[in-house]
Amino acid sequence: MFFREVKALSVDGEPVAEFREVLEASKGRLLLFTELKGNTADKKMADDAVRLIKRYGMEDECVLISLKYDLIDYIEKEYPEIETGYLTFASFGNTARLNCDYLGLEAESATAYNVTAIHNEGKKALVWTVNDKASQRH
């Protein structure tokens, strides 16, 4: 879509926010996890996101996450001051080798054993696809 088409969209009557607007609204209020997602998620998208994060002085308030490990590895190497998270599926292998700060587990994989293993390797655990009350309780 073109930018003007995206700006014409709304969700529940609210306009779709630009990344800079999300940064402005969340600054000093929360830790913002931003997923670099889809076919267009590449080094340029990562560079642009980091540029905006730095412009707003939010290096300690943002985590860039992705299913694309090569993109997470790139961010870690180019911008070590930015925290990153690699989103995994059912298995995630030797997490100690992964160059990231967070390891994202799907709700079904977020067992005490797996979370402890991630913590023991000096990483933080992130649980994703938590869309209902049962998975939230888990």
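Provided above is the structure to which this section pertains.
Residues numbered from 1 in each chain as written. Predicted model: local features only at pLDDT ≥ 70, side-chain atom pairs only at ≥ 80, totals over all residues. Heavy atoms only, no water.

## What about the nonpolar core?
Link 1 in the chain: Grouped together as the largest cluster of nonpolar side chains are 18 residues, with contacts concentrated most on Leu23, Leu36, Ile53, Leu64, Ile75 and Ile82.
Link 2 in the chain: For this core, the secondary-structure elements that each account for two or more residues are helix 3 (43-55), strand 4 (62-66) and helix 4 (69-78). (Core = buried A, V, L, I, M, F, W, Y, C linked by side-chain atoms within 4.5 Å. Buried < 20%, exposed > 50% of the residue type's maximum accessible area, 1.4 Å probe, protein only. Helix = DSSP H or I, 4+ residues; strand = E, 2+ residues; numbered from the N terminus.)

## What to know about the packing of helix 2 (residues 19-26) against helix 3
Link 1 in the chain: The contact between helix 2 and helix 3 brings their axes to 10 Å, and the two run at 35°. Crossing angle aside, the handedness with which helix 2 passes helix 3 is right-handed. On the side of helix 2, the interface is formed by Phe19, Arg20 and Leu23, while helix 3 contributes Ala49, Leu52 and Ile53.
Link 2 in the chain: Classifying every residue of the contact of helix 2 with helix 3 gives five nonpolar, no polar and one charged. (Axes fitted to C-alpha atoms, helices over the stretch in contact; angles between N-to-C directions. Left-handed = near helix turned anticlockwise from the far one by under 90°. Contact = heavy atoms within 4.5 Å. Nonpolar A, V, L, I, M, F, W, Y, C, P; charged D, E, K, R; others polar.)

## As for the sheet that holds strand 4
Link 1 in the chain: The sheet built from five strands is open, its strands ordered 3-4-5-6-7 with parallel pairing. Here the strands that pair on one side only, and so sit at the sheet edges, are strand 3 (32-35) and strand 7 (124-128). The mean inter-strand angle of the sheet, taken between neighbouring strand axes irrespective of direction, is 30°.
Link 2 in the chain: Judged from the three bridges that link them, strand 5 (residues 83-87) and strand 6 (residues 102-106) form a sheet pairing that is parallel. Directly across from glycine 85, in strand 6, lies its bridge partner tyrosine 102.
Link 3 in the chain: Along the sheet face, helix 4 touches strand 4 and strand 5 and points at about 165° away from the line of strand 5. (Pairing = 2+ DSSP bridges.)

## A short note on the pairing of strand 3
Link 1 in the chain: Burial along strand 3 is one-sided: Leu32 and Thr34 are buried, and none of Phe33 and Glu35, which face the opposite way, are.
Link 2 in the chain: Direction of pairing for strand 3 relative to strand 4: parallel, over a ladder of four bridges. In the strand pairing of strand 4, phenylalanine 33 is matched with valine 63.
Link 3 in the chain: The parallel pair strand 3 and strand 4, bridged by helix 3, forms a crossover whose chirality is right-handed. (Right-handed = clockwise from strand over helix to strand, strands pointing away.)

## Notes on unusual backbone geometry
Link 1 in the chain: The phi dihedral of aspartate 12 is positive, around 50°, even though this residue is not glycine.
Link 2 in the chain: Structurally, aspartate 12 is set in the loop between strand 1 (10-11) and strand 2 (14-15).
Link 3 in the chain: Residue class for aspartate 12 comes out exposed when judged on its relative accessible area of 79%.
Link 4 in the chain: With a phi close to 60°, threonine 129 is a non-glycine residue in the positive phi region.
Link 5 in the chain: If you trace the backbone, threonine 129 turns up in the loop between strand 7 and helix 6 (133-137).
Link 6 in the chain: In this structure threonine 129 comes out as partly exposed when scored by relative accessible area, which is 37%.

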